[in-house]
Amino acid sequence: TWHLKKIPQIVRERTFSLDSPKFEAKTKLELNSVCGIECQRKLPVPSLSDLKNLLSYETVFENGTRTLTEVNVLGAVLDPAANTTTRRPLRKKRQIYGTDSRFSIYDKRFMTNFPFNTAVKISTGCSGILVSPKHVLTAAHCLHNGKDYVKGSKRLRVGLMKTKSRGNGRKRKGAKRNGVPSFQWTRVKSTHIPKGWFKGVSGDIALDYDYAVLELKRPHKRKYMELGISPTIKMMPGSMIHFSGFDNDRSGQLVYRFCSISDESNDLFYQYCDAEPGSTGSGIYLRLKEPDKKKWKRKIIAVYSGHQWVDINGEQQDYNVAVRITPLKYAQICFWIHGNDENCTQG
């Protein structure tokens, strides 16, 4: 069951204008994280002043201007036992683990219906998910490398899967049109990234803040997916998660997968879902029952951050990692979507 939680408040304190970004960083779809599972276990829990700094955020607008918004955090519960994780055996280096368990969605009826129609393509090469009539959730590193915004983010666009193909229905010679989605591209009006993602602010915990919200220039009329608070592994049915994205090795296809989570820290899920670059930024969701109802509901509980290489006990190990939507992150993303915290009291 989805359990309702009281959400901390994120309150806007001051907004400053900053210089326009250079937009010169290269997009990296695979990250070398500085802090893996072992490192996460040793991290101290951020203090209230740390949280205020980490959850302050930059906004970049379509015309290239940029602001920094400082925030206050009210009602946050700081859990000293938050970063404990369960130890699991280490694995070998690979992004596809054993048999490739990904499914390409070919049938247009599935592709253009909920929940698959909530997956979107980001023009920098990542994926994302619709979280309101005009907002998309994705990974921060699809837009910013920690020091500067990536080249393609200056004229950022979001591709929504089209339900109808234009033209007179004639196929191009040799083209496989069946099941290949075409996209309707929409310009992005503004982008929010938490300050915790920026190098020099967060040090080892940057990966915990690898999420961003894009506001579209024009609203869409599709069904989107609501945010949920990420439960612990024990509270998930079979500890299974699901996500769909546009993996690079299956060009033009929507790729769906589900798998179990193997490990968790307060802010991250470690899982072995088969995935390739391009699916980074996908919304990870669960299907649980609504409280006091018999209805099932899917909600986004994490953002897929991608494939990570880290040092564990002096050895290079890899895993696929996702950033959990904690009550604090729920409060921040909800605030970005609604522009106030009145709609964000219960998660």
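What you are looking at is a predicted structure, and each value in this text was computed from that prediction instead of being measured. (Residues numbered from 1 in each chain as written. Predicted model: local features only at pLDDT ≥ 70, side-chain atom pairs only at ≥ 80, totals over all residues. Heavy atoms only, no water.)

## Digging into the overall build of the chain
Selection rule: Only runs of H or I of at least four residues qualify as helices and only runs of E of at least two qualify as strands under DSSP, and these elements are numbered from the N terminus. Any pair of residues with heavy atoms lying within 4.5 Å of one another is described as a contacting pair. All accessible areas in this document rest on Shrake-Rupley with a 1.4 Å probe, and a residue is counted as covered only by the protein chains that are shown.
Along the chain, the regular secondary structure elements total 4 helices and 18 strands. The long-range share in the chain, meaning contacts at least 24 apart out of those at least 6 apart in sequence, stands at 75%. Carbon and sulfur atoms make up 49% of the accessible area of the chain, which amounts to about 16,700 Å² in all.

## Structural notes on the state of the cysteines
Formally: The disulfide definition used here is simple: a pair of cysteine sulfur atoms within 2.5 Å. For every residue, the accessible area obtained with a 1.4 Å probe (protein chains only) is divided by the maximum for its type, and the residue is called buried under 20%, exposed over 50%, and partly exposed between those limits.
By the definition in use, this model includes 1 disulfide. Put simply, Cys126 and Cys142 are joined by a disulfide, and their sulfur atoms are 2.1 Å apart. With the S-S dihedral at roughly -95°, the linkage between Cys126 and Cys142 falls on the left-handed side. Residue Cys126 is located in the loop between β6 (119–122) and β7 (127–132), and its partner Cys142 is located in the loop between β8 (135–138) and β9 (157–161); the two are separated by 16 residues in the primary sequence. Residue Cys126 is classed as buried on the basis of its relative accessible area, which comes to 0%.

## Some thoughts on the pattern of salt bridges
Once their charged atoms are close, side chains differing in charge can pair, the charge on each being opposite to the other. Test applied: For salt bridges, the criterion is a side-chain nitrogen of Lys or Arg within 4 Å of an Asp or Glu carboxyl oxygen.
The tally for this structure, following the rule as stated, stands at 8 salt bridges. With a closest N to O distance of 3.5 Å, Glu62 and Arg187 form a salt bridge. Separated by 125 residues along the polypeptide, Glu62 in the loop between β3 (57–61) and β4 (66–74) and Arg187 in strand β10 (residues 183–194) bring together distant segments of the chain. Given a relative accessible area of 26%, Glu62 falls into the partly exposed group. The salt bridge involving Lys297 is made with Glu226; its shortest N-O contact spans 2.9 Å.

## So, the nonpolar core
Note the cut-off: Here, the term nonpolar core denotes a set of buried Ala, Val, Leu, Ile, Met, Phe, Trp, Tyr and Cys residues that are joined through side-chain atoms within 4.5 Å.
The biggest cluster of nonpolar side chains holds 66 residues, and the ones touching the most others in it are Leu55, Leu137 and Val158. Residue contributions to this core peak at 8 residues, all from helix α4 (residues 327–338). Apart from the residues lying within four places of it in its own chain, the contact partners of Val158 are Val120, Lys121, Ile122, Val136, Gln184, Trp185, Thr186, Val188, Leu214 and Leu216. Formed by 16 residues, the second largest nonpolar core is a distinct cluster that contains Ile241, Leu286, Leu288 and Ala322.

## Quick notes on the pairing of strand β13 (residues 240–245)
Note the following rule: Here, strands pair whenever DSSP counts at least two bridges between them.
For β13, the buried fraction is high: 5 of the 6 residues fall into the buried class. Summarising the sheet, β13 and strand β14 (residues 254–264) pair through 6 bridges and their orientation is antiparallel. Within β14, the residue paired with His242 across the bridge is Phe258.

## Some details on the environment of Gly75
Looking at the secondary structure, you find Gly75 in the loop between β4 and β5 (103–105). Linking Gly75 and Ile10, residues 65 residues apart in sequence, is a C-alpha distance of 9.1 Å.

## Quick notes on the environment of Gly245
Structurally, Gly245 can be placed in strand β13. Remark: the alpha-carbon pair of Gly245 and Ser127, spanning 118 residues in sequence, is separated by 5.5 Å.

## Remarks on helix α2 (residues 48–55)
What counts is decided by this rule: An arc is given here, and it is the one of the directions from the helix axis to the C-beta atoms.
Residues Leu51, Leu54 and Leu55 constitute the buried set of α2. Here the buried residues of α2 occupy an arc of 85° about the axis, which is enough to place them on one side. Check the buried side of α2 and you find it contacts β1 (9–18), β3, β4, β10 and α4.

## A look at empty space enclosed by the protein
For clarity, the threshold we go by: Put simply, the grid is 1 Å and covers the protein atoms alone, a cavity is a trapped set of points that fit a 1.4 Å probe, a pocket is an open set with protein on both sides within 12 Å along at least five of seven lines, and lining residues have an atom within 4 Å of a point. Grid points are joined across faces, edges and corners, and a volume is the space filled by probe spheres set on the points. Note on residue categories: nonpolar means Ala, Val, Leu, Ile, Met, Phe, Trp, Tyr, Cys or Pro, charged means Asp, Glu, Lys or Arg, and polar means any other residue, Gly included.
Taken as a whole and assessed by the stated rule, the structure comprises 3 cavities of 30 Å³ or more. Looking at the second largest cavity, the residues that line it are Pro115, Phe116, Thr118, Ala119, Gly128, Ile129, Phe243, Ser244, Gly283 and Tyr285. Only β7, β13 and β16 (283–289) provide two or more residues apiece to the lining of the second largest cavity. When its residues are assigned to classes, the lining of the second largest cavity shows 6 nonpolar, 4 polar and no charged.

## A word on the confidence of the model for the chain
Selection rule: Note on scores: pLDDT gives the predictor's confidence for each residue, bounded by 0 and 100.
Predicted confidence across the chain gives a mean pLDDT of 78, with 74% of residues reaching 70 or more. Note that residues 81–98 has pLDDT below 50 and, in this model, 56 contacts with residues that lie over four places away or in other chains. Contacts from residues 168–176, a stretch scored under 50 in pLDDT, to residues over four places away or in other chains number 2 contacts.

## A few points about unusual backbone geometry
Its identity as a non-glycine residue notwithstanding, Phe23 has a phi of 55°, on the positive side. A relative accessible area of 8% places Phe23 in the buried class.

## Examining the pairing of β4
In terms of burial, β4 is a largely internal element, 7 of the 9 residues being buried. Pairing between β1 and β4: 9 bridges, direction antiparallel. Within β4, the position partnered with Ile10 by the bridge is Val73. Inspection of the sheet shows β3 paired to β4 by 4 bridges, in the antiparallel sense. The residue of β4 that forms the bridge with Val60 is Arg66. Here β3 folds back onto β4, and the loop between the two strands holds 4 residues, one of which, Gly64, carries a positive phi near 95°.

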